[in-house]
Amino acid sequence: MDTGAVELVASRICAAARVTVMTGAGVSAASGVPTFRGAGGLWREFRAEDLATQCRVVTQNVDDLHLRAGTPDVIRLHGSICELCCSARCGQPRWRDERVPLTEMPPRCPRCGRLARPGVVWFGESLDTAAVAAAERAASCDVFLAVGTSSLVYPAAGFMHEARDRGAFTVEINPEATAVSDLVDVALPAGAEVVLPRIEALLTAGSGNIA
Ligand code: NAD
Ligand code: ZN
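Rules of the game
- Residues numbered from 1 in each chain as written.
- Chains lettered and ligands numbered in written order.
- Predicted model: local features only at pLDDT ≥ 70, side-chain atom pairs only at ≥ 80, totals over all residues.
- Heavy atoms only, no water.
- Pairing = 2+ DSSP bridges.
- Helix = DSSP H or I, 4+ residues; strand = E, 2+ residues; numbered from the N terminus.
- pLDDT = per-residue confidence, 0-100.
- Contact = heavy atoms within 4.5 Å.
- Donors = N, O, S within 2.8 Å, 3.2 Å for Na, K, Ca; no water.
- Tetrahedral: all angles 85-135°; square planar, octahedral: opposite > 155°, others 65-115°.
- Buried < 20%, exposed > 50% of the residue type's maximum accessible area, 1.4 Å probe, protein only.
- Right-handed = clockwise from strand over helix to strand, strands pointing away.
- Axes fitted to C-alpha atoms, helices over the stretch in contact; angles between N-to-C directions.

Trainee: Describe in detail the sheet that holds strand β5 (residues 95-96), supporting the description with residues and values.
Mentor: In spatial order, the strands read β5-β4-β6; together these 3 strands make up an open sheet with antiparallel pairing. Because the sheet does not close on itself, it has two edges, and the strands there are β5 and β6 (116-120). In this structure, strand β4 (residues 79-86) lies alongside β6, joined through 5 bridges in antiparallel fashion. Bridging from a neighbouring strand, cysteine 86 pairs with alanine 116 of β6.

Set out below in structure tokens:
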């Protein structure tokens, strides 16, 4: 991997007031969660508290690994597999149940007794409008990183283009080429588990060490 390119990304993050990270299945791959279209790796998360920047994480993932890593205020575009909701939409708010396997199969709504379903967006369903609006706001940033996503699923894939149109410095971290690899300012062709620790190390070392 091009060391100069990693240093360039770190320096842009260091200088940025607002950084947005769009993540996809690739950041969870090495944790044993298979992607839809790629290989695996070991996920390490930016620690927002270590950065003097406003760093929003927008994710398409439903595995809640960002939540478990302690990432604050994650925008979850496609919901969470750890949550259940009533299939009849009886008014019961979503509830968490992380037991594997669930104790009751099939799970039922505690309010109306009808079938429960995973709190994720299924193909053909609309995304939560508040999550989409939050992601659109996050696309107004100085640096936008697409990490571990094939950038094929919309509207998530569109936020990279919005950020770019609004003048953000754009970065892709993915071992495989994608539809946006030729569009971004810097494409780092390696796993998130390789690149993110290197960027983090440069940021932790301080801007004086960054080219
Ligand atoms: P995708 O499967 O389409 O693409 C995954 C991308 O990750 C690929 O481009 C692959 O090259 C890359 N990748 C593989 N290993 C990597 C690594 N170690 N580091 C960096 N990148 C790596 O996934 P997507 O773009 O997130 O979109 C697919 C849809 O599938 C989304 O809607 C998402 O909700 C869903 N999904 C979620 C999960 C999850 O929650 N973990 C898993 C599979 C699919
Ligand atoms: Zn119900």
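Next comes the rest of the description.
Trainee: For the confidence of the model for the protein, give the residues involved together with the corresponding values.
Mentor: Per-residue confidence for the protein averages 88 on the pLDDT scale, and 90% of its residues sit at or above 70. No element of the protein has a lower mean pLDDT than strand β2 (residues 54-59), at 90, and none a higher one than strand β8 (residues 169-173), at 98. Within the model, the stretch residues 39-51 combines pLDDT values under 50 with 40 contacts to residues more than four positions away or in other chains.

Trainee: Quick rundown of the coordination of the zinc ion (ligand 2)? Include the residues and the values.
Mentor: Coordination of the zinc ion (ligand 2) by the protein is provided by Cys86 (SG), Cys90 (SG), Cys109 (SG) and Cys112 (SG), with metal-donor distances spanning 2.2 to 2.3 Å. The coordination sphere of the zinc ion (ligand 2) comprises 4 donor atoms, whose angles at the metal cover 104 to 113°; the geometry is tetrahedral. Site description for the zinc ion (ligand 2): donor spacing in sequence, C-x3-C-x18-C-x2-C. In this pair, cysteine 86 sits in strand β4 while cysteine 109 sits in the loop between β5 and β6, placing the two residues 23 residues apart along the sequence.

Trainee: Can you lay out the pairing of β8 for me, pointing to particular residues and giving the numbers?
Mentor: Taking burial as the measure, the 5 residues of β8 include 5 buried ones, the bulk of the element. Of the two faces of β8, the one lined by Phe169, Val171 and Ile173 and the one lined by Thr170 and Glu172 are each fully buried. Bridge count for strand β7 (residues 143-147) against β8 is 5 bridges, and the pairing is parallel. The partner of alanine 146 across the bridge, within β8, is glutamate 172. A crossover links β7 with its parallel partner β8, the connecting element being helix α4 (residues 158-165), and its sense is right-handed.

Trainee: I'd like to hear about the sheet that holds strand β1 (residues 18-23), residue by residue, with values.
Mentor: As summarised here, the arrangement of the 6 strands in space is β3-β2-β1-β7-β8-β9, forming an open sheet in which the pairing is parallel. Since the sheet does not close on itself, it has two edges, and those belong to β3 (75-76) and β9 (186-188), each with one partner. In this structure, β2 lies alongside β3, joined through 2 bridges in parallel fashion. What sits directly across from valine 58, in β3, is isoleucine 75. The sheet strands contacting helix α5 (residues 192-205) are β7, β8 and β9, and the helix crosses β8 at an angle near 135°.

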